[in-house]
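Geometric and topological summary
What follows is each chain in one-letter form.
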Amino acid sequence: MPRLYDTSSRPAGPLTRARFAPAPVQRPQQAQPDSAWASQTRRIQEVQQQPKAGMPLPIVLGWILAVLLGLGLLVLLTVLFLLYVLEGSSPGAWVLEAVLASFSLVVIIGVIVLADRWDPQPIPLLISAVLWGAAAAAGTAYVVNSVVSILAYQVTGDEGAASFVGAVISAPFTEESAKGLGLVVLFLVGRRYFNGPLDGLVYGALIGGGFAFTENITYYGTAWDHGAASGVAVSVVIRGIIGIFGHAIYTSLTGVIMGLVARKWGTLPGALVFFVATWPGMFLHCMWNLSSFLFPGPEGLIIMLLLEFALSALWLGLIVVLVWDESRLTRVRLGEYANLGWLTHEEVTMLGTWKGRREGRSWARTMGALPVMKRFIRESAELASTRQRLLADGASPKATANERELLDRLTVNRRELLSRA
């Protein structure tokens with residue numbers, strides 16, 4: 001397979017220099033048995049039991065972060081609800097608006113679940129991504145944008161000018177920065193799992209979806225105050241249908257850039273590139289908000305629909321490309337282990353292609369070993385990502401120990417499959 005990411009040599013600048021020496025592939029301690037699906041009559045009399053590893057630190061930190069952000073979201077929604085009711089609006093209307101806002105989030109989560117099937121990210125980190133967008137980023141943006149709009153009105157005395165400054169200037173910068181900071185936090189907490197552009201897209205889209213959920217509640221509430229049910233319907237069409245992927249697209253672009261840089265040059269550049277990685281999302285966000293001022297009539301709605309449809313199609317196409325690229329990289333990295341005898345090349349094909357995975361699961365199902373096969377596939381993908389991280393960051397003791405643990409588990413999974421063949 002072609003190697004699109006040649007990380008064997010890196011620039012020697014102070015920013016991209018690896019902290020550790022280059023990481024050679026670890027060699028197996030003994031020759032591995034034949035492929036279980038190539039020689040199904042082979043029997044292994046003694047099967048090493050699956051080691052019980054403790055919960056990885058990133059998972060523990062992910063759960064702690066999710067709990068804290070969940071409490072933050074509860075506080076934020078309570079504040080928004082009280083402000084809404086104190087202004088004389090109906091509590092029932094607010095609940096309806098929250099339900100309508102959740103529909104968009106469900107759609108975004110559904111798309112990302114499909115995109116994340118190749119090498120699924122840990123559940124607590126995914127939950128933390130949604131909650132960061134809905135609580136931390138949305139709360140920060142709500143306060144900052146409100147203050148900027150008030151200051152702009154005091155300076156200009158014009159509500160239209162204040163609205164323009166808040167929507168076109170403040171909102172893109174503040175919101176994309178707040179959401180992007182969530183990516184940096186997840187990147188540092190879950191670096192073990194954040195290894196490429198697809199991972200960045202997954203986390204970024206969920207952060208954007210969570211942000212849109214909270215923001216849509218406020219917009220739907222304003223629409224209700226001005227036009228009751230008809231006003232909410234128009235707002236749902238614009239924000240919940242036409243612009244449903246807006247925030248998910250903006251923040252996912254930041255994640256893609258961070259993932260690309262981290263895969264190529266390592267952890268430190270991957271975190272620092274955040275300062276410029278938000279620019280594409282800021283630009284698209286600014287253009288979307290500006291279009292509502294340039295085209296306020298029905299014709300503007302049609303233009304926005306066409307542009308957003310094209311942008312969403314490109315984004316969905318990007319997801320397909322990144323999933324293909326992730327599978328390609330899995331084959332390349334597992335091939336390095338196969339060259340040293342950890343796997344056979346037939347197994348690399350089984351673990352690194354959609355067709356091979358389907359056939360492997362079907363074969364394992366016939367002998368009651370489907371859970372073992374699923375674990376084998378999942379941990380092999382994680383091993384490939386770990387190998388890529390070792391190439392980018394160098395042979396750090398923590399990453400090397402993680403690689404050894406995954407190699408041991410690969411051997412256990414392989415032998416257990418052979419014992420049932």
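A quick note: this is a predicted structure, and the numbers were derived from the prediction, not measured.

1. Here's the deal with the nonpolar core
Grouped together as the largest cluster of nonpolar side chains are 63 residues, with contacts concentrated most on Ile 112, Tyr 203, Met 258 and Trp 315. Beyond its immediate sequence surroundings of up to four residues, Ile 112 is in contact with Leu 201, Val 202, Ala 205, Leu 206 and Trp 315. Formed by 23 residues, the second largest nonpolar core is a distinct cluster that contains Val 25, Leu 334, Ala 369 and Leu 406.

2. Topic: empty space enclosed by the protein
Evaluated as defined, the whole model comprises one cavity of 30 Å³ or more. Roughly 70 Å³ of internal volume is contained in the largest cavity. Lining the largest cavity we find Asn 195, Arg 263, Glu 326, Leu 329, Thr 330, Ala 381, Ala 384, Ser 385 and Gln 388. Elements represented by at least two residues in the lining of the largest cavity include exactly α10 (298-339) and α13 (370-393). The leading source of residues in the lining of the largest cavity is α13, at four residues. For the lining of the largest cavity, a count of residues per class yields three nonpolar, four polar and two charged.

3. Some details on the confidence of the model for the chain
Across the chain, pLDDT averages 87, with 89% of residues at or above 70. Mean pLDDT values over the elements of the chain span from 89, in helix α5 (residues 197-242), up to 96, in helix α6 (residues 246-265). This model gives residues 38-51 a pLDDT under 50, and the stretch forms 23 contacts once residues within four places in sequence are excluded.

4. Quick notes on the packing of helix α1 (residues 57-86) against helix α3 (residues 123-156)
At a closest axis distance of 8 Å, the pairing of α1 and α3 adopts a crossing angle of 35 degrees. Between α1 and α3 the crossing geometry is left-handed. Residues belonging to the contact of α1 with α3 are distributed by class as follows: 21 nonpolar, five polar and no charged.

5. Section: the packing of aromatic side chains
Scanning the entire structure with this criterion turns up seven aromatic pairs. With a centroid separation of 5.5 Å and 35 degrees between ring planes, the pair formed by Phe 194 and Tyr 203 is classed as tilted. You can call Tyr 203 buried: its relative accessible area is 1%. For the pair Phe 245 and Trp 315, a centre-to-centre distance of 5.3 Å together with 40 degrees between the ring planes defines the contact as tilted. Placement of the pair is Phe 245 in the loop between α5 and α6 and Trp 315 in helix α10, with a sequence separation of 70 residues. Three or more aromatic residues link up through ring pairs in this structure, and these residues are Phe 187, Phe 194 and Tyr 203. Positioned above the aromatic ring of Trp 118 is the side chain of Arg 357, whose terminal nitrogen or guanidinium carbon lies 3.5 Å from the ring centre.

6. Quick word on the environment of Phe 376
Locating Phe 376 in the fold gives a position in helix α13. Classification of Phe 376 as buried rests on a relative accessible area of 0%. Taking C-alpha positions, Phe 376 is 7.4 Å from Arg 414, a pair spaced 38 residues apart along the chain.

7. Some points on helix α4 (residues 159-189)
Between its terminal C-alpha atoms α4 stretches 42 Å, which fits the 45 Å expected from 31 residues at 1.5 Å a residue. Of all bends in α4, the biggest is about 50 degrees, found at Ser 170, and the proline Pro 172 comes one to four residues later. If you check the start of α4, you find a side-chain oxygen 2.9 Å away from the backbone N of Gly 160, and it comes from Asp 158.

8. A few points about the UniProt feature "transmembrane region" (unreviewed entry) in the chain
Per the UniProt record, the feature "transmembrane region" (unreviewed entry) sits at residues 60-86, 92-113, 125-144, 201-222, 228-250, 271-295 and 301-324. The span residues 125-144 is 100% helical and 0% strand by assignment, and the distance between its end C-alpha atoms comes to 26 Å. Between the end C-alpha atoms of residues 301-324 there is a gap of 35 Å, over a span that is 100% helix and 0% strand.

9. Some words on the packing of α6 against α10
Between α6 and α10, the least distance of the axes is 11 Å, while the angle of their chain directions is 30 degrees. One finds that α6 runs roughly parallel with respect to α10. Seen from above, α6 lies across α10 with left-handed handedness. Facing Gly 246, Ala 248, Ile 249, Ser 252, Leu 253, Val 256 and Arg 263 of α6, the residues of α10 in contact are Glu 308, Leu 311, Ser 312, Trp 315, Leu 318, Leu 322, Asp 325, Glu 326 and Leu 329.

10. With respect to the environment of Gly 182
Locating Gly 182 in the fold gives a position in helix α4. In this structure, the C-alpha to C-alpha distance between Gly 182 and Gly 204, residues 22 residues apart in sequence, is 8.4 Å. Setting aside anything within four residues of it in sequence, one finds Gly 182 in contact with Trp 132 and Ile 207.

Definitions and limits used
- Residues numbered from 1 in each chain as written.
- Predicted model: local features only at pLDDT ≥ 70, side-chain atom pairs only at ≥ 80, totals over all residues.
- Heavy atoms only, no water.
- Core = buried A, V, L, I, M, F, W, Y, C linked by side-chain atoms within 4.5 Å.
- Buried < 20%, exposed > 50% of the residue type's maximum accessible area, 1.4 Å probe, protein only.
- Contact = heavy atoms within 4.5 Å.
- 1 Å grid on protein atoms, 1.4 Å probe; cavity = no way out; pocket = protein on both sides within 12 Å on 5 of 7 lines; lining within 4 Å.
- Points joined across faces, edges and corners; volume = space filled by probe spheres on them.
- Helix = DSSP H or I, 4+ residues; strand = E, 2+ residues; numbered from the N terminus.
- Nonpolar A, V, L, I, M, F, W, Y, C, P; charged D, E, K, R; others polar.
- pLDDT = per-residue confidence, 0-100.
- Axes fitted to C-alpha atoms, helices over the stretch in contact; angles between N-to-C directions.
- Left-handed = near helix turned anticlockwise from the far one by under 90°.
- Phe/Tyr/Trp six-rings, centres within 6.5 Å; stacked < 30°, edge-to-face > 60°.
- Lys NZ or Arg CZ within 6 Å of the ring centre and 35° of its normal.
- Expected span 1.5 Å × (residues − 1).
- Bend = angle between axes of the 7 residues up to and from the residue.
- Polar contact = N/O pair within 3.5 Å; in protein donor to acceptor, adjacent residues only side chain to side chain.
- UniProt positions renumbered as here; feature names shortened; annotations may be inferred.
- Parallel < 35°, antiparallel > 145°, perpendicular 65-115°, else oblique.

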